[in-house]
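# Structural features, examined
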There are 2 protein chains.
Amino acid sequence: MKRRDFLKASMAGAAVLSMPKTMQAMPAPGDIPADKNSTIKPDAKEEPFHLGMAGFTFRHFDIDQTLDFMQKLNVHYLCIKDFHLPLDSNEEQIAAFKAKLAKANVIGYGVGPIYMKSEAEVDRAFAYAKRVGVNLLVGVPNYELLDYTEKVVKQYDIRLAIHLHGPDMPLYPDATDIWNNVKDRDPRMGMCLDIGHNLRYGSDSLRDLKKYHTRVFDMHMKDVTGNTKANHSVEVGRGVIDFAQYVRIMRKVKYTGSVSLEYEKDMKTPFNGIAESVGYFRGICAATR
Amino acid sequence: MKRRDFLKASMAGAAVLSMPKTMQAMPAPGDIPADKNSTIKPDAKEEPFHLGMAGFTFRHFDIDQTLDFMQKLNVHYLCIKDFHLPLDSNEEQIAAFKAKLAKANVIGYGVGPIYMKSEAEVDRAFAYAKRVGVNLLVGVPNYELLDYTEKVVKQYDIRLAIHLHGPDMPLYPDATDIWNNVKDRDPRMGMCLDIGHNLRYGSDSLRDLKKYHTRVFDMHMKDVTGNTKANHSVEVGRGVIDFAQYVRIMRKVKYTGSVSLEYEKDMKTPFNGIAESVGYFRGICAATR
């Protein structure tokens, strides 16, 4: 649960308990003050990271449906995908879009993934990120565009998180490949570590988070059925990924970015699966604090 | 995840890994065998308890909708509520109902809650449980019927789990009240510990599970916003209950019954909330193993 909700719930309880006992709704014989009741969990430390949603999760839904569902789920961070806010959006369209997000208490923390196959596409992507007002662009520039992209990163002072896609695409298959391509470049060039696709490539996502965390700017969270290409996405918790260790490592390396669910199963009817996945992740976080 | 699914997933991975490397779907450069890949969680010990659903959760849905959703959620235990299988069902109707459950890979592990306000209603409830073929009846006999109910428990050799309803009803408000009413009676008389209602009465559900576990035959799992009557049910994880401790105590006292979600928020549109709750509980279980 979000800390503020927890506090709200706790304070509501505390307010009732501070009333004279006879005024309480139900002065039960076994009444135990909230702070002495072992069933009530202690206040939780805030996590360094935050739970978010990769816009791609909602590819079959418009932004209103997306935000409505995110509000119900109590998730407040979204990586904006271009099918919700096209790359050629003008200032007015962007302002209207951002007003919707603000109304839903959602922060658009980045844009992407955006594929970039030419210098013009690199320029367009970064100009878009600047107009949207984010300092994180999740993107996939062709390898031969990395020198040019580095210049644009410096020009805009916007971080680039290169997205890896595992065995399904030749471009940036895993975290090691991205690391090798960015480690000697501007420190604003890093990766969006997709823990599921990285594992399906045969790589070790938890080890990679430890090794490369200085360049991990964003993460796509998903669960998968195994560590080969033949495996596929499932509800978080139903696959093979060790989420308890994942969360412990995020805390250890002080990952401060978003852990954004990219749910790729049943994409036309994803809501129950998304809710189950979010619940599982929150359960893991709660139990490992 | 269910152990059998985990094993299935693991074995699928193992089968691929036992093939010659060149035959694998994607012989990635960084390939790490599954058992050496720290991202893959170790095989989990089976829990002594099992996750289930209180039939009441689906009061606005018929048994087909209920089973369809339970299959999607991968939940296999249901406490049968009389709006799905009426108390006067005959053998044929019961057989048809049980065939539906079997087809959905769902075990009807008990019936109830059933309120019993006369000896005739006690008789009817136990005769129903016997026809259904379960050895657990979740029920609420009036206090003055407890002597008679004890005789019927012995006659049928069916366990009675008395359901507590917290501050909302005068009958059996909390676990201590049930304990005091059954502790000197036949050991087949115990309780369905509703951890949310018990807490809303001001009682300490985790302490009560430890104290009374020998007579806890069933549990209704829910989360609530605090420990007074004014508080209400929410998605598991969003309230105040310490589920990590709850699971640890269930293991410690070797609770072998069902932990059945009784979801009482948004009962006409409960599916996302149920999925989130199930996910949270599974995350808690996974992270505390």
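Cut-offs and rules
Residues numbered from 1 in each chain as written. Chains lettered and ligands numbered in written order. Predicted model: local features only at pLDDT ≥ 70, side-chain atom pairs only at ≥ 80, totals over all residues. pLDDT = per-residue confidence, 0-100. Contact = placed C-beta atoms within 7 Å. Helix = DSSP H or I, 4+ residues; strand = E, 2+ residues; numbered from the N terminus. Nonpolar A, V, L, I, M, F, W, Y, C, P; charged D, E, K, R; others polar. Least-squares fit on C-alpha atoms with pLDDT ≥ 70 in both. Core = buried A, V, L, I, M, F, W, Y, C linked by C-beta atoms within 7 Å. Buried ≥ 20, exposed ≤ 12 C-beta atoms within 10 Å, placed from the backbone. Pairing = 2+ DSSP bridges. Axes fitted to C-alpha atoms, helices over the stretch in contact; angles between N-to-C directions.

## Description of the confidence of the model for chain A
Residues and elements named next belong to chain A. On average, residues of chain A score 91 in pLDDT, and 89% of them are at 70 or above. Residue range residues 1–28 is modelled with pLDDT below 50. Its contacts to residues more than four positions away, or to other chains, number 46 contacts. Across the interface, the model reports ipTM at 0.89; the global pTM reads 0.90.

## Focus: the interface of chain A and chain B
If you look at the interface, chain A gives 64 residues, while chain B gives 63 residues. If you list the elements that add at least two residues to the side of chain A that touches chain B, you get helix H1 (3–18), helix H7 (195–200), helix H8 (205–212), helix H9 (243–252) and helix H10 (271–287) of chain A. Ranked by the residues each element gives to the side of chain A that touches chain B, the list is headed by H10(A), at 14 residues. Looking at the side of chain A that touches chain B, its residues break down into 29 nonpolar, 23 polar and twelve charged.

## Looking at the relation of the copies chain A and chain B
Expressed as a screw transformation, the operator carrying chain A onto chain B has a rotation angle of 180 degrees and an axial translation of 0.0 Å, and the superposed copies differ by an RMSD of 0.0 Å. As the rotation angle and translation indicate, the two copies are arranged about a two-fold axis. A share of 98% of the interface residues of chain A reappears at the interface of chain B, consistent with the copies meeting face to face through the same patch.

## Observations regarding the nonpolar core
Of all hydrophobic cores here, the largest spans 150 residues; its most connected members are Leu137(A), Met191(A), Leu137(B) and Met191(B). Setting aside anything within four residues of it in sequence, one finds Met191(B) in contact with Ala161(B), Ile162(B), Leu164(B), Ala175(B), Ile178(B), Tyr212(B), Arg215(B), Val216(B) and Phe217(B).

## Here we look at the sheet that holds strand S1 (residues 50–54) of chain A
Residue and element names in this part refer to chain A. Strand order in the closed barrel formed by eight strands is S1-S2-S3-S4-S5-S6-S7-S10, and the pairing between neighbours is parallel. The sheet shows a mean angle of 30 degrees between the axes of neighbouring strands, taken without regard to direction. In terms of strand pairing, S1 meets strand S10 (residues 258–261) through four bridges, oriented parallel. The residue bridging Leu51 from the neighbouring strand is Val259, located in S10. On top of the sheet, helix H6 (residues 175–182) reaches strand S5 (159–163) and strand S6 (189–194); it is set at about 175 degrees to S6, its chief contact.

## Points about unusual backbone geometry
All names here are of chain A. Following Gly112, the chain continues into Pro113 via a peptide bond in cis, with omega recorded as -5 degrees. Note on placement: Pro113 falls in strand S3 (residues 107–116). A positive phi angle, close to 65 degrees, is found at Asn74, a residue other than glycine. Mapped onto the fold, Asn74 is located in the loop between helix H2 (63–73) and strand S2 (77–80).

## Overview of the pairing of strand S7 (residues 216–221) of chain B
Residue and element names in this part refer to chain B. A large share of S7 lies buried, amounting to six of its six residues. Where S7 and strand S10 (residues 258–261) come together, three bridges link them in parallel fashion. Bridging from a neighbouring strand, Met221 pairs with Leu261 of S10.

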